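Analysis of the macromolecular model
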Amino acid sequence: MSLVFDKWDTKEVKVEDKGLAKYISLADVLVPHTMGRHVKRQFAKSKVSIIERLINKVMRTEKNTGKKNKAYKIVKRAFEIINQQTKKNPIEVLVKAIENTSPREETTRIKYGGIAYQVAVDVSPQRRLDLSLNFLTKGAMQAAFKTKKSIEECLAQEIILASEYDTRSFAIQKKEEKERIARSAH
């Protein structure tokens, strides 16, 4: 049995959102680093550990671009902060945050006879997961920008707020904004 970051077990974590259950991989991995072996196959990224997907999203921003080891340390420290503040398994908190921040509806642009208009569409589970991780990391980056708080603290705070469905969370605000725009396009 391998533990994530040698501390947390994924066995006790349950995905309650049936739509996302197939796409949130809680597989036991010693080191969350697939080296991109999933890229060439369609839907293969759904088999990549959710922790590695979070690390990859953290790695894609400004100062962390391409620095997987740095992103790994940021996520590891953020998980420790989550554990200290909530006394819960941080993977469980992350999964709850993802479930809360993944939008169910968004708009797409349709062009018909020279006229373009927005139409509400359901979001696929894979895209819901991608958007959720994107919102969480973007919110953490914005919170850490030009402040004394570290990125680790901001990421932990964003995940905790999102797991509690707190409207102070950037990710929750973005989700609600996307769904509100989709409702108005009906």
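Residues numbered from 1 in each chain as written. Predicted model: local features only at pLDDT ≥ 70, side-chain atom pairs only at ≥ 80, totals over all residues. Heavy atoms only, no water.

1. Structural notes on the overall build of the chain
Within the chain, the secondary structure is distributed over six helices and two strands. In the chain, the succession of helices and strands from N to C terminus is α-α-α-β-β-α-α-α. Taken against the 2.2 N^0.38 rule, which gives 16 Å for 186 residues, the C-alpha radius of gyration of the chain at 17 Å falls within 12% of a compact globule. The buried share of the chain, reckoned over its 186 residues, is 48%. (Helix = DSSP H or I, 4+ residues; strand = E, 2+ residues; numbered from the N terminus. Rg over C-alpha atoms; globule rule 2.2 N^0.38 Å. Buried < 20%, exposed > 50% of the residue type's maximum accessible area, 1.4 Å probe, protein only.)

2. Things to note about the pairing of strand β1 (residues 105-112)
Sheet topology places β1 next to strand β2 (residues 115-122); eight bridges connect them, and they run antiparallel. Counted as the bridge partner of Y112 is I115 from β2. (Pairing = 2+ DSSP bridges.)

3. Observations regarding unusual backbone geometry
Even without a glycine there, the phi angle at K146 is positive, about 55°. The phi angle at Y165 is positive, at roughly 55°, despite the residue not being glycine. Exposure remark for Y165: the relative accessible area of 35% places this residue in the partly exposed category.

4. Some points on the pattern of salt bridges
Per the stated rule, a full pass over the model turns up ten salt bridges. R77 is the salt-bridge partner of E80, the closest N and O atoms lying 3.4 Å from each other. Placement of the pair is E80 and R77 together in helix α2 (residues 68-86), with a separation of three residues, close to one helical turn. Residues joined by salt bridges that share partners form a network here, namely K7, R77 and E80. (Salt bridge = Lys/Arg side-chain N within 4 Å of Asp/Glu carboxyl O.)

5. A few points about the nonpolar core
Membership of the largest hydrophobic core comes to 46 residues, with the highest contact counts inside it found for I24, I50, F79 and I98. Listing elements by their share of this core, those giving two or more residues are α1 (50-59), α2, α3 (90-101), α4 (125-144), α5 (151-163) and α6 (170-184). The greatest single-element share of this core, amounting to eight residues, is contributed by α4. When sequence neighbours within four positions are dropped, the list of residues in contact with I98 reads L20, I24, I50, L129, S132, L133 and L136. (Core = buried A, V, L, I, M, F, W, Y, C linked by side-chain atoms within 4.5 Å. Contact = heavy atoms within 4.5 Å.)

6. Focus on the confidence of the model for the chain
Across the chain, the average pLDDT comes to 88, with 97% of residues at or above 70. Across the chain, the secondary-structure element scoring lowest on mean pLDDT is α1, at 89, and the one scoring highest is α5, at 95. (pLDDT = per-residue confidence, 0-100.)

7. Structural notes on the side chain of D17
Secondary-structure assignment places D17 in the segment before α1. Its relative accessible area of 12% is what places D17 among the buried residues. Side-chain polar atoms of D17 contact the backbone nitrogen of G19, separated by 3.0 Å. Other than its neighbours up to four places away in sequence, D17 contacts E99, R104 and R128. (Polar contact = N/O pair within 3.5 Å; in protein donor to acceptor, adjacent residues only side chain to side chain.)

8. Considering the packing of α2 against α5
Look at α2 against α5: their axes get within 8 Å of each other, and the N-to-C directions meet at 55°. As far as their axial angle goes, α5 and α2 are oblique. Read as a crossing pair, α2 and α5 show a hand that is right-handed. Contact residues: I74, V75, R77, A78, I81, I82, Q85 and T86 in α2; I151, E152, E153, L155, A156, Q157, I159 and I160 in α5. (Axes fitted to C-alpha atoms, helices over the stretch in contact; angles between N-to-C directions. Parallel < 35°, antiparallel > 145°, perpendicular 65-115°, else oblique. Left-handed = near helix turned anticlockwise from the far one by under 90°.)

9. Examining the packing of aromatic side chains
Scanning the model with the defined rule gives one aromatic pair in all. Both rings, one in W8 and one in F79, keep their centres 6.1 Å apart while their planes meet at 75°; by these two values the pair is edge-to-face. You can see W8 sitting in the segment before α1 and its partner F79 sitting in helix α2, a full 71 residues away along the chain. Using a relative accessible area of 0% as the deciding quantity, one classes F79 as buried. (Phe/Tyr/Trp six-rings, centres within 6.5 Å; stacked < 30°, edge-to-face > 60°.)

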